[in-house]
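The lines below spell out each chain.
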Amino acid sequence: QVQLVESGGGLAQAGGSLRLSCTASERTFSQYAMGWFRQAPGKEYEFVAAIAWSGGDSNYADSVKGRFTISRDNAKNTVYLQMDSLKPDDPAVYYCAQGARGWAKGDENEFDYWGRGTQVTVSS
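This structure is a prediction, so every number in the text was calculated from the model and none was measured.

J.: Go over the overall build of the chain with me, naming the residues and quoting the values.
T.: Tallying secondary structure elements over the chain gives 0 helices and 11 strands in all. Here the C-alpha atoms of the chain give a radius of gyration of 13 Å, agreeing with the 14 Å that 2.2 N^0.38 yields for 124 residues. By its C-alpha atoms, the chain is 40 × 25 × 25 Å across when sized along the principal axes. Residue burial in the chain is summarised as follows: out of 124 residues, 44% are buried. Here the analysis covers contacts within the chain between residues at least 6 apart in sequence; of these, 59% occur between residues at least 24 apart. Roughly 6,600 Å² of accessible area belongs to the chain as shown, and the carbon and sulfur atoms make up 43% of that amount. Side-chain charges in the chain split into 12 positive and 14 negative, and the spacing between the mean points of these groups amounts to 4 Å.

J.: So what's going on with unusual backbone geometry? Residues and values would help.
T.: The phi dihedral of Asn 77 is positive, around 55°, even though this residue is not glycine. One non-glycine residue with positive phi stands out, namely Ser 85, at about 50°. Turning to its location among the elements, Ser 85 is positioned in the loop between strand 8 (78-83) and strand 9 (92-99). The partly exposed category is assigned to Ser 85, whose relative accessible area is 39%.

J.: Tell me about the sheet that holds strand 1 (residues 4-7), residues and numbers included.
T.: On the basis of which strands lie adjacent, the open sheet formed by 4 strands has the order 1-3-8-7 and antiparallel pairing. Of all strands in the sheet, those bounded by a partner on one side alone are strand 1 and strand 7 (68-73). Put simply, the sheet's adjacent strands are angled 15° from each other on average, direction ignored. Bridge count for strand 7 against strand 8 is 6 bridges, and the pairing is antiparallel. Paired with Phe 68 across the bridge in strand 8 is Met 83.

J.: A description of the state of the cysteines should follow, citing residues and the corresponding values.
T.: Taken as a whole and judged by the stated rule, the model has 1 disulfide. The disulfide partner of Cys 22 is Cys 96, and the S-S distance across this bridge is 1.8 Å. Here the residue Cys 22 occupies a position in strand 3 (residues 18-24), and Cys 96 occupies one in strand 9, the gap between them amounting to 74 residues. With respect to class, Cys 22 is no different from Cys 96; both count as buried.

What counts and how
Residues numbered from 1 in each chain as written. Predicted model: local features only at pLDDT ≥ 70, side-chain atom pairs only at ≥ 80, totals over all residues. Heavy atoms only, no water. Helix = DSSP H or I, 4+ residues; strand = E, 2+ residues; numbered from the N terminus. Rg over C-alpha atoms; globule rule 2.2 N^0.38 Å. Buried < 20%, exposed > 50% of the residue type's maximum accessible area, 1.4 Å probe, protein only. Contact = heavy atoms within 4.5 Å. Areas by Shrake-Rupley, 256 points an atom, 1.4 Å probe, with all protein chains shown as cover. Lys, Arg positive; Asp, Glu negative; His and termini not counted. Charge placed at Lys NZ, Arg CZ, Asp CG, Glu CD. Pairing = 2+ DSSP bridges. Axes fitted to C-alpha atoms, helices over the stretch in contact; angles between N-to-C directions. Disulfide = S-S within 2.5 Å.

Dropping the structure here:
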């Protein structure tokens, strides 16, 4: 059973930055795609970003493209989400997820392990 633990959430000002981290318990981390999703109160899960097993390919939701950057360090079993130019639309609980394969486009069904989430709040 893979355990994913997110960290780095908190409060930032609009226009500011936060960096989320997610560390996986399994050594096979490097074989699978990783992704970030978010869920705001009263809304459904929203895909944010995904990265291939090698880190060579990534995919972003249009709402965060150009502002957020996903990366990974396979030696540390960790995936990151650098969030810059935060907007009032960005507050949510952010979840990391591990894909079932080496690449994932962003459909929730492509991911089979999920973290518990970390809260991101943006003040205006």
